[in-house]
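# Remarks on the overall topology
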Amino acid sequence: MHKDRDYDVIVIGAGHAGCEAALASSRMGFDTCLFTINLDTIAQMSCNPAIGGLAKGHLVREIDALGGEMAKVTDRAGIQFRMLNMSKGPAVWSLRAQADRVFYKLAMRRVLEIQENLDIKQALIEKIVAEEGKVKGLVTSLGIFYGARTVIITTGTFLKGLIHIGLEHFSAGRAGEFPSVGLSDSLKELGFQMGRLKTGTPPRLDAKTIDFSRTEPQYGDYPPQPFSHSTGQITNPQLPCYITYTNKETHRIIIANLDRSPLYSGKIKGIGARYCPSIEDKVIRFAEKERHQVFLEPEGLETKEYYANGIPTSLPYDVQVKFVRTIPGLEEAEIMRPGYAIEYDFVYPTQLRHNLETKEVEGLFLAGQINGTSGYEEAAAQGLMAGINAALKLRGREPLILKRHEAYTGVLIDDLITKGTNDPYRMFTSRAEYRLLLRHDNADLRLMDRGYGIGLLDKDVYQKFLEKKRLITEEIERLKKTRIKVDGTDRNESLEQLLKRPEITYKFIDEKSPSEKLLAPEIKKQVEIQTKYEGYINRQMEMAEKLKKIEGIRIPDGFDYVCVNGLSREVLSKLQEVKPANLGQASRIPGITPAAISLLMVTIERLRRERRA
């Protein structure tokens, strides 16, 4: 075995999690190396060419507020931007962008290549080296050893990846790429419990063979709203997507060929995504539905390839051709790449701490699909947090742990390590108890102080944020103090009271009593939201304060749950598996009762008193 060199941080895998992890640790001043099986697929969008969407858009904004890169690259590569759920309240507004797939990965690669303290190497990692429960480095397939003080694994679908198209299958991490076999075995040897998951993609179609006149165009917002707090405006040409639908004939062909589906013939062992099922699943599980929506999404500005979102499938190629051509507008469509299913190994995430470090091996962090998640955004959020916490560990500082009332990123990580997952985890607004606090519009107000404090935000960006925060505060105060006569009455009311009325928007303030200062639209919108929803926001903040109290009761490391009298075997088993850090986390473990939490609290307090005595 040949030794090359040592690094502070090594990141394995250059997908969305790996890119954020490597940028975070290198920007925080640590020598970092990013390993990838193929340099040409750094930041590859393996599935649909889009970033954001419901709840996922919140994650992207949070990544940006903390100093991550996904939002900035999306703004540079975006070819359609739409704010979703605008007919509902601000808690569930969420931005989604179509991106030029090639432009996105090239833009991210450029950011990585010019980053100080960061090396990028193409290699297949075979083994994690650990001694006495601490990570020491890794070994490549060429027998080269690289030492590391911390290692972050972000392997996506590559751990023993197996692609299925019909009854044919072959090993691959993605279509056309090698899987990682040795690394999966190495993790098992280190004692990690692992499972098997499945995800899938739809066929990609040639635009020259699509009759778009038979579909419904869907345009983006104008002007497009960027993801990043630091982006001035979007400069790319904007393209529409197109909507069409499956029909009874589509479903008939699919049902007639289920015996050739690896999903229904038992070939696939991994558990699929509950919230993004294959078209085979949809047709069977929702038999009462006569049609399912299909979004035709452009892959980029310089390509004719379209992504058929809504019909992921692992049926044989000939069946894919048949059922695709029953869909309006796709009667003569040519498939450029067939859809496929891929199953892969993952690590049960209950084996992690809140900083994404493994409990089994000190200094080893996991992020992304290896933890059982689906989606670019969930992966990137974890990657950023793993990179930050690896760097903070090396500095000897406390980890950055985002609470559930502070960020969707906090909800994501807490859900994974507390509840675990048996199918690919996807973020939804419904998973957040405090979603009115965790809005898309206020990610900077929630998290930029944190990003600046750890050294990931530029000073100029932070100064602009402080100015924005000052203007919001001043304008809210002005609305409280300024009173005007209400039309048709002798009563005087404050602008704040008037703005709380459902029918009144900030436009009314601009007309009746405008600010002397020139306020940007985003400041006006923030003032309006904070004013209108003040009562609801305060209520959720009170709930969050109550949560803080129980979160503040730490469970000592190595705590022996057997000493807690009265716990059932099931509760004892779950506590021993998860090893919660505090009573708040313990209370969120499925199956843990309020009575069990009371017993825990009494025992912890008794042990504290005994130690003090």
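The preceding data block contains the structure.
Conventions adopted
Along each chain, the written sequence defines residue order, and numbers are assigned to residues from 1. The model is predicted, so local features are restricted to residues of pLDDT at least 70 and side-chain atom pairs to those at 80 or more, both for listing and for counting; the totals for chains, interfaces and linings are taken over all residues. The basis for every side-chain value is the complete set of heavy atoms in the structure, and neither hydrogens nor water enter the calculation. Exposure classes here rest on a 1.4 Å probe applied to the protein chains alone. A residue is buried below 20% of its type maximum, exposed above 50%, and partly exposed in between. Secondary structure counts use DSSP, requiring at least four H or I residues in a row for a helix and at least two E residues in a row for a strand, with both numbered from the N terminus. Two residues qualify as a contact provided that any one of their heavy atoms is within 4.5 Å of a heavy atom in the partner residue. Expected helix span is computed as 1.5 Å times (number of residues minus one). As used here, the arc is the angular range of directions from the helix axis to the C-beta atoms. Patch membership is restricted to residues that have no salt bridge and whose relative accessible area is over 30%. Joining uses 9 Å for like charges and 5 Å for the nonpolar side chains Val, Leu, Ile, Met, Phe, Trp and Tyr. What sets the accessible areas is the Shrake-Rupley method with a 1.4 Å probe; for residues, cover comes only from the shown protein chains. A pair is scored as a salt bridge if a Lys or Arg side-chain nitrogen falls within 4 Å of a carboxyl oxygen belonging to Asp or Glu.

## Quick notes on helix α8 (residues 317–324)
What α8 keeps buried is the set Val319, Gln320, Val321, Phe323 and Val324. Contact partners of the buried residues in α8: β10 (162–165), β13 (204–206), α6 (248–256), α7 (279–285) and β18 (335–337).

## Looking at unusual backbone geometry
Geometrically, the link from Tyr222 to Pro223 is a cis peptide bond, its omega value of -5 degrees lying close to zero. Relative to the assigned elements, Pro223 resides in the loop between β14 (216–218) and β15 (241–245). Of note in the backbone geometry, Lys160 takes a positive phi value of approximately 50 degrees without being a glycine. Tracing the backbone shows Lys160 in the loop between β9 (144–153) and β10.

## What about helix α19 (residues 594–612)?
Taking 1.5 Å of rise per residue, the 19 residues of α19 would be expected to cover 27 Å, and the 27 Å separating its terminal C-alpha atoms lies within 8% of that figure. Taken residue by residue, α19 has Ala596, Ile597, Leu600, Thr603 and Ile604 as its buried positions. For α19, the buried positions fall inside an angular range of 130 degrees around the axis, keeping them on one side. Residues of α19 that are exposed and point more than 90 degrees away from the buried face comprise Pro594, Val602 and Arg612. The inward-facing, buried residues of α19 contact α16 (534–551), α17 (569–578) and α18 (583–587).

## Topic: a nonpolar patch on the surface
Taken together, Ile255, Tyr264 and Ile284 make up a surface patch of nonpolar side chains, about 250 Å² in accessible area. Mapping Ile284 onto the fold places it in helix α7. A residue is classified by how much of its surface remains accessible, and Ile284, at 36% relative accessible area, is partly exposed.

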